[in-house]
Amino acid sequence: MYNIAGINVDMAPKYPRTLRQSEAYLTDEASESDIRIRLSDEFLEHKQRENPHLTIEDCEYIWLGSEFYELLPEFGGLLLHSSAVVYKGEGFLFSAPCGTGKSTHTQIWLKRFEGAYILNDDKPAIRLTKDGFYVYGTPFSGKTDLNVNEGVPLRGICMLERGKENSIEKADPEAALFGILNQTVRPVSEERMDKLLKILDKLITTVPVYKLCCNMELEAAEVSYRGMTQNR
Amino acid sequence: MKTKKGFMLRSVGGRHVVVAVGKASEEFNGLITLNDSGAFLWNALAEGCTYDELLAKMLETYEVTEMTARAGLDQFLETARGAGLIVDD
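Below is a summary of the structure that appears in this document. (Residues numbered from 1 in each chain as written. Chains lettered and ligands numbered in written order. Predicted model: local features only at pLDDT ≥ 70, side-chain atom pairs only at ≥ 80, totals over all residues. Heavy atoms only, no water.)

## Notes on the overall build of chain B
Check the secondary structure of chain B and you find four helices and five strands. In terms of C-alpha radius of gyration, chain B reaches 13 Å, essentially the compact-globule figure of 12 Å for 89 residues. Principal-axis analysis of the C-alpha atoms gives chain B an extent of 40 × 35 × 20 Å. Across the 89 residues that make up chain B, the buried fraction comes to 39%. As presented, chain B carries roughly 5,100 Å² of accessible surface, and 50% of it is formed by carbon and sulfur atoms. (Helix = DSSP H or I, 4+ residues; strand = E, 2+ residues; numbered from the N terminus. Rg over C-alpha atoms; globule rule 2.2 N^0.38 Å. Buried < 20%, exposed > 50% of the residue type's maximum accessible area, 1.4 Å probe, protein only. Areas by Shrake-Rupley, 256 points an atom, 1.4 Å probe, with all protein chains shown as cover.)

## Observations concerning the interface of chain A and chain B
Contact residues are listed per partner, giving 18 residues for chain A and 17 residues for chain B. Summing both partners gives a buried area of about 1,400 Å² for chain A against chain B, and 64% of it is carried by carbon and sulfur. Of all residues in chain A, A:Glu174, A:Arg186 and A:Leu197 give up the largest surface area on contact with chain B, accounting jointly for 32% of the area buried on that side. Residue A:Asp194 is joined to B:Arg10 by a salt bridge in which the shortest nitrogen-to-oxygen separation is 2.4 Å. Scanning the region where chain A abuts chain B turns up seven residue pairs in polar contact (both at pLDDT 80 or more). For the side of chain A that touches chain B, the secondary structure elements donating two or more residues are helix 5 (173-182) and helix 6 (190-206) of chain A. It is helix 6 of chain A that contributes the most residues to the side of chain A that touches chain B, eight residues altogether. Residues that form the side of chain A that touches chain B fall into these classes: 10 nonpolar, three polar and five charged. (Contact = heavy atoms within 4.5 Å. Buried area = accessible area lost by both parts, 1.4 Å probe. Salt bridge = Lys/Arg side-chain N within 4 Å of Asp/Glu carboxyl O. Polar contact = N/O pair within 3.5 Å; in protein donor to acceptor, adjacent residues only side chain to side chain. Nonpolar A, V, L, I, M, F, W, Y, C, P; charged D, E, K, R; others polar.)

## Remarks on unusual backbone geometry
Residue and element names in this part refer to chain A. Despite not being glycine, Ala-5 shows a phi value in the positive range, around 55 degrees. Mapping Ala-5 onto the fold places it in the loop between strand 1 (2-4) and strand 2 (7-11). Judged by its relative accessible area of 2%, Ala-5 is buried.

## Notes on the packing of helix 2 (residues 41-50) of chain A against helix 3 (residues 56-71) of chain A
Residue and element names in this part refer to chain A. Where helix 2 contacts helix 3, the two axes come as close as 9 Å, and the packing angle between them is 110 degrees. Here helix 2 is positioned roughly perpendicular relative to helix 3, judged by the angle of their axes. Counted together, Phe-43, Leu-44, Glu-45, Lys-47 and Gln-48 of helix 2 and Ile-56, Cys-59, Glu-60 and Trp-63 of helix 3 form the full contact between these two elements. Looking at the contact of helix 2 with helix 3 residue by residue, the class counts come to five nonpolar, one polar and three charged. (Axes fitted to C-alpha atoms, helices over the stretch in contact; angles between N-to-C directions. Parallel < 35°, antiparallel > 145°, perpendicular 65-115°, else oblique.)

## Overview of the sheet that holds strand 3 (residues 35-37) of chain A
All names here are of chain A. Read from one edge of the open sheet, three strands run 1-2-3, paired in mixed fashion. Of all the strands in the sheet, just strand 1 and strand 3 have a single pairing partner and so form its edges. Averaged over all pairs of adjacent strands, the angle between their axes in this sheet comes to 35 degrees, without regard to strand direction. Where strand 1 lies against strand 2, three bridges are found, and the strand directions are antiparallel. Bridging across to strand 2, Tyr-2 finds its partner in Val-9. Sitting on the sheet, helix 3 touches strand 1, strand 2 and strand 3, and the angle it makes with strand 3 is about 150 degrees. (Pairing = 2+ DSSP bridges.)

## Observations concerning the sheet that holds strand 2 (residues 7-12) of chain B
Residue and element names in this part refer to chain B. Read from one edge of the open sheet, three strands run 2-3-4, paired in antiparallel fashion. This sheet does not close on itself; its edge strands, each paired only once, are strand 2 and strand 4 (32-34). On average, each strand axis in the sheet is tilted by 30 degrees relative to the strand beside it, whichever way the strands run. One ladder, built from six bridges, connects strand 2 with strand 3 (residues 15-20); its direction is antiparallel. Pairing of Ser-11 across the sheet is with His-16, part of strand 3.

## Observations concerning the packing of aromatic side chains
Residues and elements named next belong to chain A. One pass over the full model with this rule turns up 15 aromatic pairs over all chains. Aromatic pair Tyr-61 and Phe-140: ring centres 5.9 Å apart, planes at 50 degrees, arrangement tilted. In this pair, Tyr-61 sits in helix 3 while Phe-140 sits in the loop between strand 9 (132-136) and strand 10 (151-162), placing the two residues 79 residues apart along the sequence. Classification of Tyr-61 by relative accessible area gives buried; the value is 4%. (Phe/Tyr/Trp six-rings, centres within 6.5 Å; stacked < 30°, edge-to-face > 60°.)

## Structural notes on the side chain of A:His81
All names here are of chain A. If you trace the backbone, His-81 turns up in the loop between strand 4 (77-79) and strand 5 (82-87). A distance of 3.2 Å separates polar atoms of two side chains, one belonging to His-81 and the other to Asp-122. His-81 has contacts with Ser-95, Ala-96, Cys-98, Lys-102, Asp-122 and Gln-183, leaving out every residue within four places of it along the chain.

## A short note on the packing of helix 2 (residues 36-46) of chain B against helix 4 (residues 66-82) of chain B
All names here are of chain B. Contact pair helix 2 / helix 4: the axes reach a minimum separation of 11 Å and the direction vectors enclose 70 degrees. Judged on the interaxial angle alone, helix 4 and helix 2 are roughly perpendicular. Relative to helix 4, the crossing made by helix 2 is right-handed. Contacts between helix 2 and helix 4 pair Gly-38, Leu-41, Trp-42 and Leu-45 from the former with Leu-73, Phe-76 and Leu-77 from the latter. Of the residues contributing to the contact of helix 2 with helix 4, the split by class is six nonpolar, one polar and no charged. (Left-handed = near helix turned anticlockwise from the far one by under 90°.)

Right under this line is the structure:
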């Protein structure tokens, strides 16, 4: 049994990558499961044939994660494709399409701010708790395998774009919504989509969302940190 | 006429947004935002109604002349039809 983002997940990974990534999330075997995920060998072999550049081990890792994230709206949560960095006990998310430089930006935070660390480098889980929105590390963190089993209050979300200069401004609700919906798993069923939109409604009205333009200088981290924290 | 199956309108962050679910989501992966009167018309259309019924509803709700209501309605329908969001029965 694993506890991921506060949810008891009954899954049985077989391959080293997922086993290694999930180890920190192991919990009491006797606890009751909230989610049960089983991927058959046939399913994994099928996925591997469809994606010949992946190994069967990668397939297990990717599709276990995707099953988990699809179910998150049932638990007041959602995936945001982003790099999550923690500094002074709070979580900061940087979201963008692949290849834009999410991880590059959070690596600059690690250089610039002593004590900052990566919570999940690619696919953190966000959940609404009784203390507000929290962001969690999960075993599923993309290529870099960087994650920590921990949840911290979510301070802000940046939609990241590359630019020559560094600048940050509040995103209007439409841009925030569009950005987040494009970087999460969209439920196919109406019922679950309804749940996701209710969570998003709360998220974008309580957690500030910004548009960040940044380069790769240390100043980029200073600009995003200042922009996301001066509104306390 | 009515809104196409699989398109749902919800209020998110104070905005009226339309997203696709089910089969419709295979073709449409975007996000449509509507203004207040657009959302009003969408809700009326979701149950299915005729042009005249829509016009009557608009005149009941908004203090506008018939000419203004028709112009607004025509524009909405043209845009919504163009985007494939409305089907005729």
